[in-house]
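# Structural features, examined
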Amino acid sequence: MSQNPPPLPPRPNNMDTSEHMEFSALGKTPPAWLHDLIRYNPGEDHQHEFYLSIEFDNDVETVFLCQECHYWFFLTTTPNAIMEQSNCGFENTLHHLHTTTTTKTSISAKCCVCNLAVNIEIKEPFIDLRLFNDLGKLRKHSYANAIKHAEFEYKTNLIDTIESMIKILSNIIDEDLQTLEFNCNNFEMDKVSQALFEKLGFKLIDDSLNPPDFPLSDDEKRNIKLTREELLMISYKLNKYSKYSAKKPYEKLNNVLGTSYKALFADCSNFDPESGYSLHSSCFILGCVPDMDDQTLIWAYNLGVQEVPEKAPEYLQAIYEMSKERKSEALEELVAVEKSKGRFHEEDIKEAYKCLNVGDVDGSTVSDEFLIDTYSVLNTDNPSSRAKYREALNIIGKARNSTKILRSVNEGPVNEMPDYLLEMPVGLDNIGNTCYLNSLLQYYFTIRQLRTAVLATDSSGSNGYELDWQSITIGHRKVSKSEVKRAKQFVNLLRGLFVNLIHTTQRSISPDIDLAYLALVNAKNDDDEYKDTSKSPMDDNKMAIDDSSPGPSSSKTVDNGNSDIYTVSEEVTVEIEGTALSVDDRIVPDHFYNESNTSHSLKGKEKENTGPELSSDFYNTSKEDKLRAASEMLLGRQQDVTECMDNVMFQLEAALKSLPMTDENGDEQNIIKSLFYGQTRQILHKKQNSGELLTKEESFNHLIVVAADGRDLYDGLDVYFDASLVDYDGTQVIREVTITKIPPILQIHVQRVQFDRSTSNIYKSNAFLRFDKVIYLDRYLDKNYELLKQRRQEAHNWKQDIDRLQAELNDYEQDKTTRLSKVDLLKLTADFIHDEMKNDIIDENSLVAVEQESNLVKEESEEYHNKISQLKSQLSQHYQDLQECAYRLHAVFIHSGQANFGHYWIYIFDFEKDRWLKFNDSYITEVVDHEVFADTTGSSANPYCMVYVRAQEAKELVETVCRQTN
């Protein structure tokens, strides 16, 4: 077989595609072209099943029609005047057809080698298919059904009716008048059959069917022949044992178009539409079918590249994929030879984009200038890899046919740092399941005062603690000298990272492995004295919330049998003077807001920040293994990544120099306290009759809200601060929380790890939690506690109403037996009745009754939804006038995955340029607002932490981009 096809004659560059684009102008072998023809069906959703026409097929025309849609196809060819039999002269004798015209009524193609022309005229069926469908509604389909339903108006079943029609039309064509009269007299007429016959010139006289007058005109004969063949298609479809023979057109098409080819496992094969070819096979890109042999694929590749050079990467990709699938040495050799000529396939293009650090985006959306600038930066940063970058940019330039890129490759790299890179932050490479830590470090880097404090530390790492050691307290406990030493090592490494983030000319850098180790592994796990007390991180799922916790309005209504209605809180256990407030059965009487109260204070304690804990065998491994174990443990587990944040905060607080002041609890105040810590006041109504109050002041560096369907951020915060009934010293007390001191930076954790009692497993809730760009904390401030007492009571009542209505709605909408939605259940019932009505088992009245009940359920449900929406609207407007304490959204941490695995990234707002940036390890991209605030229902990628900053100080508090490459 010749490897190099002869020069190609001119062919049209454009194809007439005014109506449809099912066919491609690219070259195809006849089997692949017929494969497309079978699927060419404008406005329909079926694949053609062709049968050769008995009446109209001839030596000049190949005529066939589809059994499904009854469309007619009249195919003719115009052979090359030079080549007598229209063969292309190659060993495989295959044409290379290019479709030139596709409309609803015609298709044409031409062989680019021998100029064989193929033309197909497409005609609609003579009898409208709807007429046959109507006939099927009047007649039972089989003899058995006709007997079973003796009361049916027409006794003759559909199959026999079609058979009788075919006989009558055959009698006319054969001019067998005696048999025709007999068959007409014995035909059981109906209105649809009458319409069909009348279209053919029959008349109904005195309830007797009379044929058209003889002799018939040519048009009358043609119409009758068309109708008979269309009736034969119905007969074939209804009765696989039909006595009429049906023949597929492909044997003749093989003679006309030359569809025989060399197959992988056979000397010769003809096109068979029932071979079950995969529509996604790479062979179709080459214009071949999947079982063609290697040499045919090579021939098609060479021809395709010669015709359309710009498609070479796509064609070579097809050869590359087929070589892997078949393990074909011939195809592998072709790929190698083509690459040696400077050609490349699509996989090479993808790898080239990855090489230039744009592999995670659609390369076609990146500008030439961006790629050239990136190429220049990479050459400057990594001179030893210049050849690799040059080859990557060269491939992209050729793939794009970009003169600008190819000129840049030839001229060499430019050493200037592109301006646009200075406007983007630096990415952090993932050094092994550290995507969460990367997000956290990027977030801390944007906080101006924290970044300045870290950069101001002594680069030696000791920071003077050996010479001027003073014990400090964090969280009401003394911090040891070794813990401070370790923390200062962490901050020193963090300082180095921050310096690099500011001054590097690279697009991304790698965090130091020691920095990651100190961030992910806490001092307790790193110290041998704790070996005996260590435990597996899964031993204590203290952050898992019971999934039976309440839903949308953050509370659960309980009737205790008395006149009072109570609300059960979801909030976590709180301690006052060492006595735990139980999570269970916390309720609030309605009259709480109306009582007068007196108060006194109680001292409480905070939990220690110790970070994630590891299993006992952790201590016998190297630092690299410890980092890998810790990072794998953190991968996707929200309870542990939260503790990681606590660990980093603890080390920052321990390492950075304290300000010359102490807070009201006696703790040294430092930069961490001043930025992240606020203060709350817990108010306990100890005895309902006396009105006595117990209060506790405590600091916090984050708030926790629980994710639940139908909830927004305010709903979650209401649970944290609103009144709830808790156990205290064996008695029920009412607890409320207010904010006495607001932090400049407010961190809100979304509790998504929850506990399923039925399976005793933890799982991640993917409930969508709506949050806003700006939130207002006025309603939670201690100074507004007394002023808003009446409003809190109103909001409390509305929430109870919402809970009650939601519970009633859930109970109303769900069938207790099947646990299905009543609407869905009624729809299934209606569908069942509709099917049974076809067999006359159930009458129409039953269907009407079910539909009426379904409409009633929908109306009742809509009424419930309207009431709930109205109450939610009232709640949303309830504090609308309180907008003094405003916070702007600065960062949103995202987790994608399940409770025990996943990936992390972070969105951070750039207040200077009014844009959102997505920090996804090494890659930082600008995104639209919608991506950050989108409804994540149905997705496992959702926020688990939001960071807000005081609105009036936003630009002073945070700076998202900080680069000084000079």
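Preceding this paragraph is the structure being described.
In short, a report on the structure. Here the structure is a predicted model, which means the values were calculated and not measured.

## Some words on the overall build of the protein chain
When helices and strands are tallied, the protein chain shows 31 helices and 36 strands. By the burial criterion, 51% of the 966 residues in the protein chain qualify as buried. Total accessible area on the protein chain stands at roughly 45400 Å², and carbon and sulfur atoms take up 47% of it.

## So, the packing of helix 2 (residues 129-138) against helix 6 (residues 191-199)
Two packed helices can be described by the angle between their axes and the distance between those axes. In contact at an axis separation of 9 Å, helix 2 and helix 6 are set at 150° when each is read in the N-to-C sense. By the angle between their directions, the pair helix 2 and helix 6 is classed as roughly antiparallel. Note on packing geometry: the crossing formed by helix 2 with helix 6 is left-handed. Here L131, F132, D134, L135 and L138 of helix 2 come into contact with helix 6, specifically with K191, V192, S193, A195 and L196. For the contact of helix 2 with helix 6, the per-class residue count stands at 7 nonpolar, 1 polar and 2 charged.

## Things to note about the layout of surface pockets
The computed volume of the second largest pocket comes to approximately 590 Å³. As for the second largest pocket, its lining consists of 34 residues, and the residues nearest its centre are Y714, D718, R779, L875 and S876. Among the elements of the structure, helix 26 (713-721), strand 27 (731-741), strand 31 (774-776), helix 27 (789-813) and helix 29 (844-878) are those that each provide at least two residues to the lining of the second largest pocket. Considering every element that reaches the lining of the second largest pocket, the biggest residue donor is helix 29, with 5 residues. Taken together, the residues that form the lining of the second largest pocket break down as 14 nonpolar, 8 polar and 12 charged.

## Description of the pairing of strand 4 (residues 97-102)
Each regular strand displays side chains that alternate between the two surfaces of the sheet. Of the strand pairs in this sheet, strand 4 and strand 5 (residues 106-111) are connected by 5 bridges, and their pairing is antiparallel. Pairing of H98 across the sheet is with K110, part of strand 5. The hairpin turn running from strand 4 into strand 5, its antiparallel successor, is 3 residues long.

## Quick look at the nonpolar core
Counting 102 residues, the largest nonpolar core has Y443, Y444, L450, L652, F676, L713 and Y948 as its most contacted members. Of all the elements, helix 20 (residues 481-503) adds the most residues to this core, at 9 residues. Sequence-distant contacts of Y443, defined by excluding residues within four places in its chain, comprise F676, I745, Q747, H890, A891, F893, I906, I908 and V947. In terms of nonpolar packing, the next biggest core, distinct from the first, is built from 54 residues, F23, C114, L303 and M322 among them.

## What to know about the pairing of strand 32 (residues 886-898)
Counting buried positions over the 13 residues of strand 32 gives 10, a clear majority of the element. Bridging between strand 32 and strand 36 (residues 941-950) involves 9 bridges; their strand directions are antiparallel. The residue of strand 36 that forms the bridge with Y887 is R950.

## Details of the sheet that holds strand 4
Spatial ordering of the open sheet is given by 1-2-3-6-5-4, a layout of 6 strands whose pairing is antiparallel. The open sheet terminates on both sides in strands that have one partner only, identified here as strand 1 (50-52) and strand 4. Averaged over all pairs of adjacent strands, the angle between strand axes in this sheet comes to 25°, irrespective of strand direction. With 7 bridges joining them, strand 3 (residues 72-78) and strand 6 (residues 117-123) adopt antiparallel strand pairing. From the neighbouring strand, F74 faces strand 6, where its bridge partner is E121.

## A few points about the pattern of salt bridges
Enumeration according to the criterion identifies 35 salt bridges in this entry. The salt bridge partner of K252 is D57, with a shortest N-O separation of 2.8 Å. Residue K252 is found in helix 8 (residues 250-257), and its partner D57 is found in the loop between strand 1 and strand 2 (62-66); the two are separated by 195 residues along the sequence. On the basis of relative accessible area, K252 is assigned to the buried category, the value being 18%. The shortest N-O distance in the salt bridge between R791 and D881 comes to 2.8 Å. Residue R791 is located in helix 27, and its partner D881 is located in the loop between helix 29 and strand 32; the two are separated by 90 residues in the primary sequence. Judged by relative accessible area, R791 falls into the partly exposed class, the value being 23%. One connected set of salt bridges, linked through shared partners, spans E55, K225 and R228.

## Side note on unusual backbone geometry
Residues other than glycine predominantly adopt negative phi, and peptide bonds predominantly adopt the trans conformation. In this chain, F214 is followed by P215 through a cis amide linkage whose omega measures -5°. By secondary structure assignment, the location of P215 is in the loop between strand 8 (208-210) and helix 7 (218-238). The backbone of N401 shows a phi angle near 55°, a positive value even though the residue is not glycine. Checked against the element boundaries, N401 lands in the loop between helix 15 (386-400) and helix 16 (403-411).

## Regarding the side chain of R950
The residue R950 is located in strand 36 in this model. Its relative accessible area of 16% is what places R950 among the buried residues. At 2.5 Å, the side chain of R950 and the side chain of E953 are in polar contact. Other than its neighbours up to four places away in sequence, R950 contacts I742, P743, P744, A886, Y887 and L957.

## What to know about the state of the cysteines
Tallied over the entire structure, the rule returns 0 disulfides. Just so you know, C66 is unpaired, no disulfide at all, and the nearest cysteine sulfur is the one on C69, 3.7 Å from it.

## A word on the side chain of R326
Within the secondary structure, R326 sits in helix 11 (residues 312-326). Overall, R326 belongs to the buried group, its relative accessible area being 18%. Other than its neighbours up to four places away in sequence, R326 contacts L264, C283, P290, D291, M292, D293, D294, L297 and L331.

## Some details on helix 10 (residues 294-307)
If you check helix 10, its first and last C-alpha atoms are 20 Å apart, about what 14 residues at 1.5 Å a residue would give, namely 20 Å. A large share of helix 10 lies buried, amounting to 12 of its 14 residues. Of all the residues in helix 10, the buried ones are D294, T296, L297, I298, W299, A300, Y301, N302, L303, G304, V305 and E307.

## Quick notes on helix 11
For helix 11, with 15 residues, the first-to-last C-alpha span of 21 Å sits near the 21 Å given by 1.5 Å per residue. With its phi angle positive at about 55°, K327 sits one or two positions after the end of helix 11.

## Thoughts on the environment of N58
Position of N58 relative to the elements: it lies in the loop between strand 1 and strand 2. One polar contact links the side chain of N58 to the main-chain amide nitrogen of V60, over a distance of 2.8 Å.

## Here's the deal with the packing of aromatic side chains
Two numbers describe a pair of aromatic rings. These are the distance of the centres and the angle of the planes. This structure, assessed with the given rule, holds 22 aromatic pairs. A centroid spacing of 6.3 Å and a plane angle of 20° characterise the contact between W72 and F74, whose relative ring orientation is stacked. A single burial state applies to W72 and to F74, both of which are buried. Where Y444 meets F676, the ring centres are 6.2 Å apart and the plane angle is 85°; that geometry is what we call edge-to-face. Of this pair, Y444 sits in helix 18 (residues 435-445) while F676 sits in helix 25 (residues 671-676); the two residues are 232 residues apart in sequence, bridging distant segments of the chain. By relative accessible area, which is 0% here, F676 ends up buried.

## Some remarks on the packing of helix 4 (residues 158-174) against helix 5 (residues 177-185)
Here helix 4 crosses helix 5 at 155°, and the two axes come no closer than 9 Å. Accordingly, the angle class assigned to the pair helix 4 and helix 5 is roughly antiparallel. The two elements helix 4 and helix 5 cross, and the hand of that crossing is left-handed. Packed against helix 4, whose contacting residues are K167, I168, N171 and I172, the element helix 5 presents T179, L180, N183 and C184 at the interface. Residue composition of the contact of helix 4 with helix 5, by class: 4 nonpolar, 3 polar and 1 charged.

## Topic: the environment of A392
On the secondary structure map, A392 appears in helix 15. On the accessibility criterion, A392 (4% relative accessible area) is buried. Distance in space between the C-alpha atoms of A392 and V409 is 9.7 Å, their sequence separation being 17 residues. For A392, the residues in contact, after removing those within four places along its chain, are A352, C355 and L356.

Calculation criteria
- Once a new chain begins, its residue numbering starts again from 1 and follows that chain's sequence as written.
- pLDDT decides what is reported in this predicted model: residues at 70 or higher carry local features, side-chain atom pairs at 80 or more are listed and counted, and totals for whole chains, interfaces and linings draw on all residues regardless.
- Neither water nor hydrogens contribute to the side-chain values; these are computed over all heavy atoms in the structure.
- Only runs of H or I of at least four residues qualify as helices and only runs of E of at least two qualify as strands under DSSP, and these elements are numbered from the N terminus.
- For every residue, the accessible area obtained with a 1.4 Å probe (protein chains only) is divided by the maximum for its type, and the residue is called buried under 20%, exposed over 50%, and partly exposed between those limits.
- Here, Shrake-Rupley sampling with a 1.4 Å probe gives the accessible areas, and only protein chains in the shown set may cover a residue.
- All axes here are fitted lines through C-alpha atoms, helices being fitted over the stretch that makes contact, and every angle between N-to-C directions spans 0 to 180 degrees.
- Angles below 35 degrees are treated as roughly parallel, those above 145 as roughly antiparallel, those between 65 and 115 as roughly perpendicular, and all remaining angles as oblique.
- Handedness of a helix crossing follows the sense of rotation of the near helix relative to the far helix, less than a right angle counterclockwise being left-handed and clockwise being right-handed.
- Note on contacts: a residue pair qualifies if any of its non-hydrogen atoms lie within 4.5 Å across the two residues.
- Here the term charged refers only to Asp, Glu, Lys and Arg, the term nonpolar to Ala, Val, Leu, Ile, Met, Phe, Trp, Tyr, Cys and Pro, and the term polar to all other amino acids, Gly among them.
- A cavity here means a set of 1 Å grid points, computed over protein atoms only, where a 1.4 Å probe fits but cannot escape. A pocket is an open set with protein on both sides within 12 Å along at least 5 of 7 lines, and lining residues have an atom within 4 Å of a point.
- Grid points are joined across faces, edges and corners, and a volume is the space filled by probe spheres set on the points.
- Should DSSP find at least two bridges between two strands, the strands are regarded as paired.
- In these notes, a set of buried Ala, Val, Leu, Ile, Met, Phe, Trp, Tyr and Cys residues joined through side-chain atoms within 4.5 Å is what counts as a nonpolar core.
- Here, a salt bridge means any side-chain nitrogen of Lys or Arg that lies within 4 Å of a carboxyl oxygen of Asp or Glu.
- Contacts described as polar in this section are N or O atom pairs within 3.5 Å, which, within protein, must combine one atom able to donate a hydrogen with one able to accept it, while residues neighboring in sequence count only if both atoms come from side chains.
- What counts as a disulfide here is a pair of cysteine sulfur atoms lying within 2.5 Å.
- Take the residue count of a helix, subtract one, and multiply by 1.5 Å to get its expected span.
- A pair of aromatic rings is counted whenever rings of Phe, Tyr or Trp (Trp by its six-membered ring) have centres within 6.5 Å, and the orientation is called stacked for planes under 30 degrees apart, edge-to-face for over 60 and tilted otherwise.

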